[in-house]
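# Understanding the architecture of this molecule
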Amino acid sequence: SQTIHQWPATLVQPVGSPLSLECTVEGTSNPNLYWYRQAAGRGLQLLFYSVGIGQISSEVPQNLSASRPQDRQFILSSKKLLLSDSGFYLCAWSVRIRDTQYFGPGTRLTVL
Amino acid sequence: AQKVTQAQTEISVVEKEDVTLDCVYETRDTTYYLFWYKQPPSGELVFLIRRNSFDEQNEISGRYSWNFQKSTSSFNFTITASQVVDSAVYFCALSEANQAGTALIFGKGTTLSVSS
């Protein structure tokens, strides 16, 4: 069966520091991968998605970037964090575009 | 443009009560997909159901049931005999077959609190 992992689970970072969040999927090949952010008390916003290695699409201009160095690995990064980057970051995968998306456990990021 | 509205921000019930979570969607596509996800306090989104626009049959899974009505653009979710473990935020989402990109359009969620 397929499993999706995210780490770290919780992160507290100062403003201006770099960020690297990792997401890996097991049990499937060539998944579509997604990064979402959920700000406190708000809905989910799609940040990036990837249909293959090295292929990244950005949905919203951000202080963030994403990379997919391996088939089942998706990384969310920032060179300098802003206060507004605080939130709950969720990684998801699907077999095909517009298929059901399955979500990871999330990373709670607090920028101080 | 596509949109999902969950008008109920918060609902509080007592255990064993039935509760219905409303979801109204807007789309210009004839082919689309509707979803419900549950987000317990741990934060992970748990997939509950996916329904395509050509299948209007209601679905029942244990205490959960879903009522899809294209005529009113609604996809409501009912929990029968609610339990404390049902306490969570519930999201309805829409995906269109012909939309550019790949986003699931989420509603803002309904927070359900079930007390014992």
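Figured I'd write up the structure that's included with this text. (Residues numbered from 1 in each chain as written. Chains lettered and ligands numbered in written order. Predicted model: local features only at pLDDT ≥ 70, side-chain atom pairs only at ≥ 80, totals over all residues. Heavy atoms only, no water.)

Turning to the sheet that holds strand 7 (residues 65–70) of chain A, a few remarks are in order. Residue and element names in this part refer to chain A. Taken in spatial order, the four strands of this open sheet run 1-3-8-7, and their pairing is antiparallel. A single partner strand is all that each edge strand has here, and the edge strands are strand 1 (3–7) and strand 7. On average, each strand axis in the sheet is tilted by 20 degrees relative to the strand beside it, whichever way the strands run. Sheet topology places strand 3 (residues 19–26) next to strand 8 (residues 73–78); six bridges connect them, and they run antiparallel. Counted as the bridge partner of Cys 23 is Phe 74 from strand 8. (Pairing = 2+ DSSP bridges. Helix = DSSP H or I, 4+ residues; strand = E, 2+ residues; numbered from the N terminus. Axes fitted to C-alpha atoms, helices over the stretch in contact; angles between N-to-C directions.)

With that settled, consider the layout of surface pockets. If you add up the space inside the second largest pocket, you get close to 370 Å³. Of the residues contributing to the lining of the second largest pocket, the split by class is five nonpolar, 10 polar and four charged. (1 Å grid on protein atoms, 1.4 Å probe; cavity = no way out; pocket = protein on both sides within 12 Å on 5 of 7 lines; lining within 4 Å. Points joined across faces, edges and corners; volume = space filled by probe spheres on them. Nonpolar A, V, L, I, M, F, W, Y, C, P; charged D, E, K, R; others polar.)

At the junction of the two partners, chain B supplies 20 residues and chain A supplies 19 residues. Buried area between chain B and chain A, both sides added, is near 1,600 Å², and the carbon and sulfur share of it is 56%. Along the contact surface separating chain B from chain A lie zero salt bridges. Between the two partners, chain B and chain A, sit two residue pairs in polar contact (both at pLDDT 80 or more). (Contact = heavy atoms within 4.5 Å. Buried area = accessible area lost by both parts, 1.4 Å probe. Salt bridge = Lys/Arg side-chain N within 4 Å of Asp/Glu carboxyl O. Polar contact = N/O pair within 3.5 Å; in protein donor to acceptor, adjacent residues only side chain to side chain.)

In this section: the side chain of Thr 100 of chain A. If you trace the backbone, Thr 100 of chain A turns up in the loop between strand 9 (87–94) and strand 10 (102–103). Setting aside its immediate chain neighbours within four residues, Thr 100 of chain A contacts Trp 93 and Ser 94 of chain A together with Phe 35, Tyr 37, Phe 47 and Arg 50 of chain B.

Another aspect to go through is the nonpolar core. With 23 residues, the main nonpolar core has Trp 36, Phe 77, Tyr 90 and Leu 112 of chain B as its most contacted residues. Broken down by secondary-structure element, the contributors of at least two residues to this core are strand 2 (10–14), strand 3 (19–21), strand 5 (32–39), strand 8 (64–69), strand 9 (74–79), strand 10 (88–96) and strand 12 (110–115) of chain B. The biggest single contributor to this core is strand 10 of chain B, with four residues. In this structure, Ile 4, Leu 21, Cys 23 and Ala 66 of chain A belong to the second largest nonpolar core, which totals 20 residues. (Core = buried A, V, L, I, M, F, W, Y, C linked by side-chain atoms within 4.5 Å. Buried < 20%, exposed > 50% of the residue type's maximum accessible area, 1.4 Å probe, protein only.)

Turning next to the environment of Val 51 of chain A. Residue and element names in this part refer to chain A. For Val 51, the location among the structural elements is in strand 5 (residues 44–52). Here Val 51 falls in the partly exposed class, since its relative accessible area comes to 34%. Sequence separation of Val 51 and Ser 86 is 35 residues, and the distance between their C-alpha atoms is 26 Å. Setting aside residues no more than four positions away along its own chain, Val 51 makes contact with Asn 30, Pro 31, Asn 32, Arg 68 and Ile 97.

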